[in-house]
Amino acid sequence: MRDYLLTLCVTAAVTYLLTGPVRKFAIATGAMPEIRARDVHREPTPRLGGIAMFFGLCAGLLVADNLQNLNGVFELSNEPRALLSGAALIWLIGVLDDKFEIDALIKLGAQMIAAGVMVMQGLTILWIPVPGAGMVSLTSWQGTLLTVALVVITINAVNFVDGLDGLAAGMVCIAAAAFFLYTYRLWYGYGIEAAAPATLFSAILMGMCVGFLPHNMHPARIFMGDSGSMLIGLVLAAGAISVTGQVDLDVLKIFEGSTRQATHAALPVFIPLLLPLTIIAIPFADLVLAIVRRTWNGQSPFAADRGHLHHRLLEIGHSHSRAVLIMYFWSALIAFGVVAYSVHSASMWILLVIVALSAVGLVLLLLPRFTPRAPLWAQSFVPPRYRRKRKGEPAAGELASPVPALALAGEAQPVTDVTEERTPVPAGVNGATALGARSRLPDRRKAGSRN
């Protein structure tokens, strides 16, 4: 565990430190597309954040290769090299798309080629668990088609959900954390060495997301772009493929006894292993709804719109930050709930807790106007909008009127001057220059306003 934590920290540090220079590079090269109709942000924001994430991936793999307890993954398996090859290809296509806007069909073909590169180097699904039948071996063509389909679905699910500041990176980080707990249990608890690559991939993926999130939280200073969203989607899919298609569940001895008993015993194992869609259920649901909605309206499935789940949360009145936190909540509930059920499937407490938390999530969805206030002891740890207002102080985000002070001096001040005093001076890209700080008075108009 110590080596995994070291790999995670190095990956996060490299990603975090490189994101700032990458932002300046994106501004210098003009990788700042105009605001589109479906975008939520109001100012052109640089992309190419995937460059820092890719180098974080490389740093994580390099550190793991030089650690005594993890270099065996590189000696006994070719999966890390297969991941790096596929990631380099999909990252290059993403960088070109962030700069030049590549056609959607070309990106789809590149995703298939990247998956094929990983298959050629051994990262493929060899068998799948089937309830009542145990492990079923796949032919070469079946394994290849299933691997390519899984990679393409996961990449596009993550790409579709990348619509709000910090949303995709946070949700993938939650999914990677849940997947890490499950694969580490297989590797350390059951001694299955084949689960070690997936555990390493999950730790590195968490580091990539944690290092990028401070730059990407609302208001974002940089976007990951397709170079980042497709990259983390591919890494997440690679971990799922490694566990699903490489780990032999017969080692767990869960198929002993009658068929009914074996199926019941194996049920908790099938849920996280069968497909990663249980981990990225929210992005996948968004993907399916987007395809159905666009096809029903006579549009292309690749046509962009403002009908995603996060857009709906904004429309019903949730703020940007709260919409992101609600999506985090549901992702964590599904991901960690599935992992907890796979460990203790016979415990009714797990199901009761999941049901209770689901009710809490529904209440949060129905209260878009409710603004929680932090207790007094936590005032200095929360944003100003969640602090309790003291008597005589202006509300968060407001400025005290300078009229009383001027009246004491015996001077009159027109109302227009007060308005000009409150108007912030633009500070450049997304409220900040490449070297300067953010504007003190950000634009707080609701998303979707025509202004």
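None of the values given here were measured: they were computed from a predicted structure. (Residues numbered from 1 in each chain as written. Predicted model: local features only at pLDDT ≥ 70, side-chain atom pairs only at ≥ 80, totals over all residues. Heavy atoms only, no water.)

**Thoughts on the nonpolar core**
Selection rule: Only buried residues count toward a nonpolar core, which is a set of Ala, Val, Leu, Ile, Met, Phe, Trp, Tyr and Cys residues joined through side-chain atoms within 4.5 Å. Per-residue accessibility, obtained with a 1.4 Å probe over protein chains only, is compared with the maximum for each type, and a residue is labelled buried under 20%, exposed over 50%, and partly exposed between these values. Secondary structure counts use DSSP, requiring at least four H or I residues in a row for a helix and at least two E residues in a row for a strand, with both numbered from the N terminus. Contacts are residue-level and defined by heavy atoms, with any inter-residue pair within 4.5 Å sufficient.
Counting residues in hydrophobic clusters, the biggest one holds 92 residues, and the most contacted among them are Tyr4, Leu57, Leu200, Leu205, Leu231 and Leu234. Of the residues forming this core, the biggest block, 17 residues, is contributed by helix α7 (residues 167-189). Excluding its chain neighbours within four sequence positions, the residues that come into contact with Leu231 are Gly50, Met53, Phe54, Leu57, Ala87, Ile90, Met208 and Asp226.

**Considering the packing of aromatic side chains**
Filter applied, for reference: Only Phe, Tyr and Trp rings take part, Trp by its six-membered ring, and two of them pair if their centres are within 6.5 Å. Stacked means planes under 30 degrees apart, edge-to-face means over 60, and tilted covers everything else.
Inspection of every chain in the model, using the stated rule, returns seven aromatic pairs. When the centroid spacing of 4.3 Å and the interplanar angle of 10° are considered together, the rings of Phe54 and Trp91 count as stacked. On the criterion of sequence distance, the pair formed by Phe54 in helix α2 (residues 50-65) and Trp91 in helix α4 (residues 79-100) is long-range, its members being 37 residues apart. Both residues of the pair, Phe54 and Trp91, belong to the buried class. Ring centres 6.2 Å apart and planes at 80° place the aromatic pair Phe55 and Trp91 in the edge-to-face group. Here Phe55, found in helix α2, pairs with Trp91, found in helix α4; they are 36 residues apart in sequence, far enough to count as distant. Members of the aromatic cluster, connected to one another through ring pairs, are Tyr4, Phe180 and Tyr184.

**Side note on helix α13 (residues 320-343)**
Under the convention used in this document: A helix is expected to reach a length of 1.5 Å times the quantity of its residues less one.
For α13, built from 24 residues, the straight-helix expectation of 34 Å at 1.5 Å per residue is met to within 8% by its first-to-last C-alpha distance of 35 Å. When you tally the buried positions in α13, you get 17 out of 24 residues, the bulk of the element.

**Digging into the pattern of salt bridges**
Put simply, the rule reads: Just to be clear on terms, a salt bridge is a Lys or Arg side-chain nitrogen sitting within 4 Å of an Asp or Glu carboxyl oxygen.
Using the criterion set out here, one finds three salt bridges in the structure. Notably, a salt bridge pairs Glu101 with Arg47, separated by 3.5 Å at the nearest N-O pair. Note that Glu101 is positioned in the loop between α4 and α5 (104-120) and Arg47 in the loop between α1 (2-29) and α2, a separation of 54 residues in sequence. On the basis of relative accessibility, which here comes to 46%, the residue Glu101 falls in the partly exposed class.

**Describing the confidence of the model for the protein chain**
Heads up, the rule is: Each residue carries a pLDDT score, the predictor's confidence in it, ranging from 0 to 100.
Averaged over all residues, the pLDDT of the protein chain is 75; the fraction at 70 or higher stands at 64%. Here helix α16 (residues 415-422) is the element of the protein chain with the lowest mean pLDDT, 41, and α2 is the one with the highest, 95. Considering only residues more than four positions removed or in separate chains, one finds that residues 396-451, a stretch of pLDDT under 50, has 64 contacts.

**Topic: the side chain of Thr15**
Note on placement: Thr15 falls in helix α1. Not counting residues up to four positions away in its chain, the partners in contact with Thr15 are Ala52, Met53, Gly56, Gly207, Met208, Gly211 and Phe212.

**Concerning the packing of α1 against helix α8 (residues 196-216)**
Heads up, the rule is: Axes here refer to lines fitted to C-alpha atoms; in helices the fit is confined to the stretch in contact. Angles between the N-to-C directions go from 0 to 180 degrees. Note on convention: near helix rotated counterclockwise from far helix by under a right angle means a left-handed crossing. Clockwise means right-handed. Under the scheme applied here, ten amino acids are nonpolar (Ala, Val, Leu, Ile, Met, Phe, Trp, Tyr, Cys and Pro), four are charged (Asp, Glu, Lys and Arg), and all others, including Gly, are polar.
Two elements in contact, α1 and α8, have axes separated by 7 Å at closest approach and are oriented at 35°. Note that α1 runs across α8; the crossing there is right-handed. A class-by-class count of the residues in the contact of α1 with α8 yields 13 nonpolar, nine polar and no charged.

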